[in-house]
Amino acid sequence: MTDRYLVEPDMDFVKEVVGLGGDTLKKCFQCATCSVVCPISPDTKPFPRKEMIAASWGLKDKLVGNGDIWLCHNCGDCSTMCPRGAKPGDVLGAIRSYAITEYAVPKALGKAVNDPKKLPVLLAVPAVLFALLALITVVFSGVMTSIFDVIGLEWSHGGHDVLAHANFISTWFVDLVFIPLTGWVVVIFALGLKRFIRDIHDNAVLEGKTDKKEIDIKEFLQAFVRVLPTIIKHEKFSECSENKDRTTAHLMVLYGFIGLFIVTNIFFFVLYIFHIPGPYSQLNPVKWLANVAGISLIIGSILMIKSRLAKKDQSSTYKDWFLIGLVLALGLTGMLTEMTRLAGTAFLTYLLYYIHLVCVFCLFAYLPFSKLAHLVYRTVAMTYAEYGKRT
Ligand code: SF4
Ligand code: SF4
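Read on for a plain summary of the structure. (Residues numbered from 1 in each chain as written. Chains lettered and ligands numbered in written order. Predicted model: local features only at pLDDT ≥ 70, side-chain atom pairs only at ≥ 80, totals over all residues. Heavy atoms only, no water.)

### Points about the overall build of the chain
Phase 1 of the analysis: In terms of helices and strands, the chain carries 18 helices and zero strands.
Phase 2 of the analysis: Its C-alpha atoms give the chain principal-axis dimensions of roughly 90 × 45 × 40 Å.
Phase 3 of the analysis: Buried positions account for 48% of the 391 residues belonging to the chain.
Phase 4 of the analysis: Sequence separation of at least 24 residues holds for 76% of the intrachain contacts in the chain that already meet a minimum separation of 6. (Helix = DSSP H or I, 4+ residues; strand = E, 2+ residues; numbered from the N terminus. Buried < 20%, exposed > 50% of the residue type's maximum accessible area, 1.4 Å probe, protein only. Contact = heavy atoms within 4.5 Å.)

In structure tokens form, the structure reads like this:
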């Protein structure tokens, strides 16, 4: 039976989607070629044609809380085959961008992260914060050195008598910034995901994709475990033909982040449990992992930039460039601060370390509002699809 809806178009939503890169949505004449060529779309209630119709009608509620928009990996196959030159892949990408800002609170911050005019303010927050922390570290170190001089002892800050990042900004200060920041990111995601899961489930019930009234948490977690290998291997990307080359870049960035996450946690324990401060030897295997992960991040982001510049027919928005630029800056400053430290150039080391901390802060603090949030929302949507056997 055909679905029946009471249509309440939200024209502001249409305008926003157009502004976020979905400017071709009005070209669609609903031929369904896109749904047929999409290698990922399921047989029942396939996407992206139904999303194109809903988008042109301004049916915000049917789209923002629709798990299917996250199953699309923006491979571009449908955009290439569309006889009308509409770009369903880009339209779905724009709807996803909208959905991220819809679920993340505070909304004002979400809008700021996606507004290029607000970039100087967003950068200024960590820039001022870390400048202050550097000032406090240096002044405190100077005061302690003077006091110890008076009493005839030598002041040693955590055993650092070599060129070390902690001499510029205390590791304590860095952790005092990033530990609460991690908590903030977790809380924002938890609040957003609570609404997101409820919405995709309500939509699935409404559209007859599932007959379960409530989500079974145990089954949902089992579905998460089953879907994890697909995400880790980026298997869905490999099913596409148009943008297959993006798989390598995405995997390099993903594994780069995973590697750096492992390294950060190991060094955190080494410092606070075993009380061994850095810098650590380059012969340390954890350092090897850090270096490989850093290089992977740099190469992956450069490949992403190359791919986007080469594909002139696919839209790249400020959100895309903000994230790729940040990832590249993060990788470059991380590696360069290490290299300049080994070369013994204090000024460059500390300057690069400072920029690196600003980049890490931006990546973390703005994560729930930036395009990187897709990692979380897509994982949940893919889990829900697995849970609901929507394959
Ligand atoms: S987006 Fe293009 S391929 Fe898809 S239904 Fe519309 S006109 Fe057809
Ligand atoms: S961009 Fe690729 S995955 Fe997304 S709807 Fe189009 S064909 Fe399917």
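Having seen the model, we can carry on.
### A closer look at the site of ligand 2
Phase 1 of the analysis: C38, C72, C75, G76 and C78 are the nearest of the 13 residues found near ligand 2.
Phase 2 of the analysis: In terms of residue class, the shell around ligand 2 is built from eight nonpolar, four polar and one charged. (Near = heavy atom within 4 Å. Nonpolar A, V, L, I, M, F, W, Y, C, P; charged D, E, K, R; others polar.)

### Observations regarding unusual backbone geometry
Phase 1 of the analysis: Residue P48 is reached from F47 by a cis peptide bond, and omega for that bond is 10°.
Phase 2 of the analysis: With respect to the helices, strands and loops of the structure, P48 is situated in the loop between helix 2 (33-37) and helix 3 (49-56).
Phase 3 of the analysis: With an omega of 0°, the peptide bond running from V105 to P106 counts as cis.
Phase 4 of the analysis: Here P106 lies in the loop between helix 7 (88-103) and helix 8 (107-113).
Phase 5 of the analysis: Located in the positive-phi region is K45, a residue other than glycine, with phi close to 45°.
Phase 6 of the analysis: Mapping K45 onto the fold places it in the loop between helix 2 and helix 3.
Phase 7 of the analysis: Even without being a glycine, H275 presents a positive backbone phi close to 55°.
Phase 8 of the analysis: Note that H275 resides in the loop between helix 14 (246-272) and helix 15 (285-310).

### Overview of empty space enclosed by the protein
Phase 1 of the analysis: A full pass over the atoms with the stated rule returns five cavities of 30 Å³ or more.
Phase 2 of the analysis: The calculated volume of the largest cavity comes to roughly 750 Å³.
Phase 3 of the analysis: Broken down by secondary-structure element, the contributors of at least two residues to the lining of the largest cavity are helix 1 (11-22), helix 7, helix 12 (217-233), helix 13 (235-238), helix 14, helix 15, helix 16 (318-343) and helix 18 (374-387).
Phase 4 of the analysis: In the lining of the largest cavity, the residues fall into 18 nonpolar, 13 polar and 11 charged.
Phase 5 of the analysis: In terms of domain composition, the lining of the largest cavity takes at least three residues from each of domain 1 (11-106) and domain 2 (112-387). (1 Å grid on protein atoms, 1.4 Å probe; cavity = no way out; pocket = protein on both sides within 12 Å on 5 of 7 lines; lining within 4 Å. Points joined across faces, edges and corners; volume = space filled by probe spheres on them. Domains from an automatic or database assignment.)

### Describing the site of ligand 1
Phase 1 of the analysis: Close contacts around ligand 1 come from 14 residues, with C28, C31, A32, C34 and C82 the closest.
Phase 2 of the analysis: For the shell around ligand 1, the secondary structure elements donating two or more residues are helix 2 and helix 3.
Phase 3 of the analysis: Within the shell around ligand 1, the residues separate by chemical class into 10 nonpolar, two polar and two charged.

### Thoughts on the packing of aromatic side chains
Phase 1 of the analysis: Applying the stated criterion across every chain, the model contains 19 aromatic pairs.
Phase 2 of the analysis: Ring centres of W70 and Y377 lie 5.5 Å apart, and the angle between their planes is 25°; this geometry places the pair in the stacked category. Of this pair, W70 sits in helix 5 (residues 68-71) while Y377 sits in helix 18, and the two are 307 residues apart along the sequence. The burial state of W70 is the same as that of Y377; both residues are buried.
Phase 3 of the analysis: Ring geometry for F178 and F364: centres 6.0 Å apart, planes at 65°, overall edge-to-face. (Phe/Tyr/Trp six-rings, centres within 6.5 Å; stacked < 30°, edge-to-face > 60°.)

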